[in-house]
Amino acid sequence: MTEAAARPPGGGASISISHVGMTYQRRGARVDALTDVSLDIAAGSFVSILGPSGCGKSTLMMLAAGLYRPSSGELRIDGKLLEDCFTDAGIVFQTDVLLPWLSILDNVVMPARIKRLDLEAATKQGRALLAQVGLGGFEANYPSELSGGMRQRAAICRALLCEPSVLFMDEPFGALDALTRERMQADINRLWAEHRKTVLLITHDIEEAVLLSDEVVVMSPRPGRILRRFRVDLPQPREPAIRRDPRFHGIVDDIRALFRDAGVL
Amino acid sequence: MAGADDGGREPRSRLKSLIIQLRHALPVAGAFIALLVIWQAVTRLAGIPDYVLPSPTQIAGAISDEWRQLLVNAAVTFAEATAGFVLSIVVGIPLGVAIVYSRWLDRVLYPLLVASQSIPKVALAPIFVVWFGFGLLPKVLIAFSIAFFAIVVNTVVGMKRAPVEMIHLMRSFGATRMQIFLRVRLPVAAPYIFAGIKISATFAVVGAIVGEFIAASSGLGYLQLIANNNFQIPLLFGILVLLSVMGGVLYGLVVLLEWMVLPTPLRTVRADEAGATL
Ligand SMILES: Nc1ncnc2c1ncn2[C@@H]1O[C@H](COP(=O)(O)OP(=O)(O)OP(=O)(O)O)[C@@H](O)[C@H]1O
Ligand SMILES: [Mg+2]
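Residues numbered from 1 in each chain as written. Chains lettered and ligands numbered in written order. Predicted model: local features only at pLDDT ≥ 70, side-chain atom pairs only at ≥ 80, totals over all residues. Heavy atoms only, no water.

Undergrad: Sorry if this is basic, but what is going on with the interface of chain B and chain A here?
TA: Tallying the contact residues gives 27 residues for chain B and 31 residues for chain A. At the boundary of chain B with chain A, the tally comes to one salt bridge. Residues Arg 171 of chain B and Asp 84 of chain A are paired through a salt bridge, measuring 3.7 Å at the closest nitrogen-oxygen approach. Counting every contact that joins chain B to chain A gives two residue pairs in polar contact (both at pLDDT 80 or more). Broken down by secondary-structure element, the contributors of at least two residues to the side of chain B that touches chain A are helix H7 (164-172), helix H8 (177-214) and helix H11 (264-268) of chain B. Of the residues forming the side of chain B that touches chain A, the biggest block, seven residues, is contributed by H7 of chain B. (Contact = heavy atoms within 4.5 Å. Salt bridge = Lys/Arg side-chain N within 4 Å of Asp/Glu carboxyl O. Polar contact = N/O pair within 3.5 Å; in protein donor to acceptor, adjacent residues only side chain to side chain. Helix = DSSP H or I, 4+ residues; strand = E, 2+ residues; numbered from the N terminus.)

The structure is reproduced here in structure tokens:
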């Protein structure tokens, strides 16, 4: 705990979620997606949200990004009440959400275009990011000409383009094969270690959460509540060898046990 | 950098895909020619008189005999149809956009507009003549009234197709409503809008002819009435040929425009053309 607090602050923003509830209303039917969720995410930390399908993880991310309004409670970013969409964020949605009529490069530089930033610099940055994730040479292709995993990598590049102070990722590696997934996990971890922006990663992969995060937040089945928070006091950036560390397995086993008690496993 | 040489292939050029498209049209052309040959043979061998069904060569003869008169009148009809067609684009697309953006228009005007389609618009023609006289204007308005609905409906349907995730994405970049419109809603709607424009291109020609049937002193519709009275059946068919060519030319211009302005992924989308009636 002290180790994380002593870390030099990067360009990231802090997120504070207090007593947030979310009830969807659709054609008369009410769905309680989240009840009384409180969570503080320190600036520059890497936090994972782990929970069974349908427990409200995506909902929580949309709330934190200001894209949905909570039914109760409030959210703050860097202490400022979140009243509209938070625009200094990079978001990787559960699907790639690339615009099919634009080339991969045009998709990646879209944030800069909307924010009216220097396009030339953004294009250079976009090309560099694409090359880093193994998509060099596919800049001019349309999304439909790429595989699902390649598209998801392009979506990650787009989220990283403007070096946002918060990176939201909703199961970003779900569509990737095991090998690419491992490489992307390492890439994200390395990038994060360099820039120390705040990252909120949503996943249902226990090992992935423990491997990458400073803290793993475990949620209950719907209506989502926070069951427990696990600190992962292993050195960052994470080396592949960490998968063999007994402390790594200790935390993974604790989370498994928690899920078993909650009746999820 | 390592992936640079095993990179993606060059996206297919516009010209090349146009040529491929044309090659698909070849069998259709073949079937059409075969049909003409059979038509010619049947009318000749069975000795069908030309006032019942003229043969293709007789129709061609009528066209070449009367080409000057045909051309002058075709120009009139083409002008009416094109004016009505352009008017329905200029009115239809903004109206569709307004309906999508205004809750009030969507709830009040749009249902009325849809309900109004049960009026057979051909039956409006005499009323328009009463209101607007015998000149060009009533024909243009009839063409417009028949042609514009397909564009409105397709614009509305297309604009509503924008996936909510794309809107969320744009909002997270801080996009304004205008930016979301230009960068997401309009591209998503474009194939639908073009589908609507294609329908309206052929409908506009129908509208112009209907207007000329009611009251006119020139135009192909007028010429048809004259030919009909004089029992010039081959000429009647010749006019029919010219009318289809006219509809085809307008349609072809739209297709050409579509190929020029839409990027490949939007062109390959098969937009389901929302229905419209005459
Ligand atoms: N737009 C919506 N309208 C109505 N109900 C919704 C909506 N979005 C989500 N829900 C409901 O809220 C609950 C939580 O959904 P959410 O997408 O946040 O789950 P999740 O944890 O991300 O699941 P998964 O891991 O499968 O993606 C679900 O029961 C879902 O049915
Ligand atoms: Mg989800």
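Undergrad: What am I meant to see in the coordination of the magnesium ion (ligand 2) here?
TA: Ideal geometry at a metal gives 109.5 degrees between four tetrahedral donors and either 90 or 180 degrees between six octahedral ones. All names here are of chain A. Within the first shell, the magnesium ion (ligand 2) binds the protein through Ser 58 (OG) and Gln 94 (OE1), at distances of 1.9 to 2.5 Å. Placement of Ser 58 in helix H2 (residues 57-64) and of Gln 94 in the loop between strand E6 (89-92) and helix H3 (104-108) is noted, with a sequence separation of 36 residues between them. Overall, Gln 94 belongs to the partly exposed group, its relative accessible area being 43%. (Donors = N, O, S within 2.8 Å, 3.2 Å for Na, K, Ca; no water. Buried < 20%, exposed > 50% of the residue type's maximum accessible area, 1.4 Å probe, protein only.)

Undergrad: When you look at the domain arrangement of chain B in this model, what are you seeing that I'm missing?
TA: For interface size, the figure often reported is the accessible area lost on association. All names here are of chain B. Parsing chain B into structural domains produces domain 1 (1-44) and domain 2 (65-275). Averaged C-alpha coordinates put domain 1 and domain 2 at centres separated by 26 Å. Every contact between the two is made by five residues of domain 1 and, on the other side, seven residues of domain 2. Between domain 1 and domain 2 lies a buried interface of about 500 Å² when both sides are counted; carbon and sulfur atoms form 57% of it. (Domains from an automatic or database assignment. Buried area = accessible area lost by both parts, 1.4 Å probe.)

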